[in-house]
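# Breakdown of the fold
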Amino acid sequence: MKTQVGIIGGGPSGLLLSQLLHVNGIDSVILERQSRDYVLGRIRAGVLEHGFARLMREAQCGERMDREGQIHEGFEISDNGALLHVNLKELTGGNTVIVYGQTEVTRDLYEARDRMGGVIIHDASDVKPHGILTETPYLTYRKGSEILRVDCDFIVGADGFHGVSRKSVPGEALREFERVYPFGWLGMLSRTEPVSPELIYAKHERGFALCSLRSQVLSRYYIQVPLSDTVDGWSDEAFWGELKRRLPAEIAAKLITGPSIEKSIAPLRSYVAEPMRYGNLFLAGDAAHIVPPTGARGLNSAGSDIYYLFNGLRDYYRNDDDRGLEAYSERALARVWKAQRFSWWMTSLLHTFPDSEPYAKRLQDTEMSHLFSSRNALASLAENYVGLEY
Ligand code: RFL
Ligand code: PHB
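Residues numbered from 1 in each chain as written. Chains lettered and ligands numbered in written order. Predicted model: local features only at pLDDT ≥ 70, side-chain atom pairs only at ≥ 80, totals over all residues. Heavy atoms only, no water.

Here three strands make up an open sheet; going across it, the order is 9-10-11 and the pairing antiparallel. Taken across any chain shown, the strands that pair with only one partner, and hence form the sheet edges, are strand 9 (125-130) and strand 11 (146-151). Here the strands of the sheet are splayed against their neighbours by 20° on average, with no regard to which way each runs. (Pairing = 2+ DSSP bridges. Helix = DSSP H or I, 4+ residues; strand = E, 2+ residues; numbered from the N terminus. Axes fitted to C-alpha atoms, helices over the stretch in contact; angles between N-to-C directions.)

Here is the structure:
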């Protein structure tokens, strides 16, 4: 098979890029290791920044998002029971975010790719990039007992943190930056009315908690847990009890509980690989960087990579201009690091760090009281949360 852009990974990064390229007359093929049902079964992000939403519309995939997604003009921060409202719209001069699940984003992108005859090969195992440093790179993959090949001009590694793309770059060509946090998030999805129409980020001495949602009848809650905890060790009852303890009493009293539909634990990690290009292999999204979910930046950072990469590829094919591709890594990383900084800051502000020294604890408390008393501090938070301009 021959195409212009060979994409490894059919998550939101790979699908969005493929769709944007298609709308601009550029051909691509996606190789995805998992089945479609598996990809759609992963419950992940819930908050989209306006730049991401704009890209979805540009990719002709924004209709359902605009119809069913909920515009959020603000959210709440709770500090051991005291509530602070962050009015995103007012603090940013009109910007808001959209609450629309990554599952739905992915479903819309799959549907658009199907509608437009896009090629997505699922259950492709053993995907390998070849000839990365040549003008004629190609991908191989296994389907059943057959080894197949896709020739292309460029390879895009959009295969997430555990994918094969980043691992194909020789160690000496890649610089890695990492911070691992000593806790994870236990997430639970339940078919219950959300406790609040807006998200609540709760700092509590027992640990962080987050109240989020997917719709008027679908709630998504998270609690900070030690890394040694397992999903099986948390009954629904124990989860609800712990969540209530970490929320302000008046919110906890309103919380409607019910059986969980999904429960999973995600460890928290910050990671960046530089550069994001090696020869004719371009890394995008979680393949190149991840953040702890606290600032809702992961999917949105993947979106900004796709914005820069798509523009570079379009200029290359349309105008024979490779400046955008040459600048891709530098441009994408400049924004990626801002999302890293913000996610680290939100994580440090809101979580309980085991073995935190008294000095660090006082600084954390002071950071929070600064936020509660300074409009400028809140405005900076809001500016980052709604997403910096591309
Ligand atoms: P993905 O989604 O991991 O997709 C990569 C795809 O590549 C496939 N793959 C391979 N295919 C072929 N060959 C191989 N060797 C392959 N290896 C892997 C995988 O099967 C998969 O389908 O990466 P992508 O597309 O870059 O998208 C990134 C986002 O998924 C991620 O950043 C967000 O989910 C992070 N995140 C959040 N981001 C936000 O912007 N806002 C949020 O509110 C938010 N909340 C979250 C989150 C992530 C979470 N978890 C579980 C990590 C909440 C949580 C709990
Ligand atoms: C979610 O709804 O899954 C969600 C929302 C905000 C975050 C992280 C996750 O910061």
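The subject of this paragraph is the sheet that holds strand 15 (residues 209-215). Across the sheet, eight strands lie side by side as 6-5-14-15-16-13-17-20; this open sheet has mixed pairing. Of all strands in the sheet, those with a lone pairing partner are strand 6 (82-87) and strand 20 (289-290), marking the two edges. Relative to strand 16 (residues 218-225), strand 13 (residues 175-190) runs antiparallel, the two sharing seven bridges. Residue pairing across strands places Ser190 opposite Ser219, the latter belonging to strand 16. Helix 11 (residues 358-373) rests against strand 5 (74-79), strand 6 and strand 14 (200-203) of the sheet, and its axis sits at about 135° to strand 5. (Contact = heavy atoms within 4.5 Å.)

Our focus in this paragraph is the site of ligand 1. Close to ligand 1 lie 32 residues; Glu32, Arg42, Gln102, Asp286 and Leu299 are nearest. Within the contact set of ligand 1, an oxygen atom lies 2.9 Å away from a side-chain nitrogen or oxygen of Arg44. Within the backbone of Asn300, a nitrogen or oxygen atom sits 3.0 Å from an oxygen atom of ligand 1. Alone, ligand 1 offers 1,000 Å² of accessible surface; in the complex the protein occludes 89% of this. Contributing elements (two or more residues each) for the shell around ligand 1: helix 1 (12-23) and helix 9 (298-319). (Near = heavy atom within 4 Å. Polar contact = N/O pair within 3.5 Å; in protein donor to acceptor, adjacent residues only side chain to side chain. Areas by Shrake-Rupley, 256 points an atom, 1.4 Å probe, with all protein chains shown as cover.)

The residue Lys203 is located in strand 14 in this model. Here Lys203 falls in the buried class, since its relative accessible area comes to 6%. Apart from residues no more than four positions distant in its own chain, Lys203 is found in contact with Ser78, Asp79, Asn80, Leu349, Leu350, Gln364, Asp365 and Met368. (Buried < 20%, exposed > 50% of the residue type's maximum accessible area, 1.4 Å probe, protein only.)

Turning next to helix 3 (residues 50-58). Along helix 3, the residues classified as buried are His50, Gly51, Phe52, Ala53, Leu55 and Met56. Against helix 1, strand 3 (47-48), helix 4 (63-68), strand 7 (97-99), helix 6 (102-115) and helix 9 lie the buried residues of helix 3. Phi for Gln60, located one or two positions after helix 3, is positive at around 60°.

It is worth spelling out the packing of aromatic side chains at this point. Applying the stated criterion to the full structure yields 21 aromatic pairs. On the basis of an interplanar angle of 85° and a centroid distance of 5.0 Å, the ring pair of Tyr316 and Tyr317 is categorised as edge-to-face. Positioned above the aromatic ring of Tyr138 is the side chain of Arg149, whose terminal nitrogen or guanidinium carbon lies 3.6 Å from the ring centre. Note that Arg297 overlies the ring of Tyr385, its terminal NZ or CZ placed 5.9 Å from the centroid. (Phe/Tyr/Trp six-rings, centres within 6.5 Å; stacked < 30°, edge-to-face > 60°. Lys NZ or Arg CZ within 6 Å of the ring centre and 35° of its normal.)

Within helix 12 (residues 375-385) the residues assigned to the buried category are Ala377, Leu378, Leu381, Ala382, Asn384 and Tyr385. Viewed end-on, helix 12 has its buried residues packed into an arc of 165°, placing them on one side of the element. Residues of helix 12 that are exposed and point more than 90 degrees away from the buried face comprise Arg375 and Asn376. The N-cap of helix 12, judged by a side-chain oxygen 3.3 Å from the amide nitrogen of Asn376 a few residues on, is Ser374. One or two residues past the end of helix 12 sits Gly387, with phi positive at roughly 105°. (Arc of directions from axis to C-beta.)

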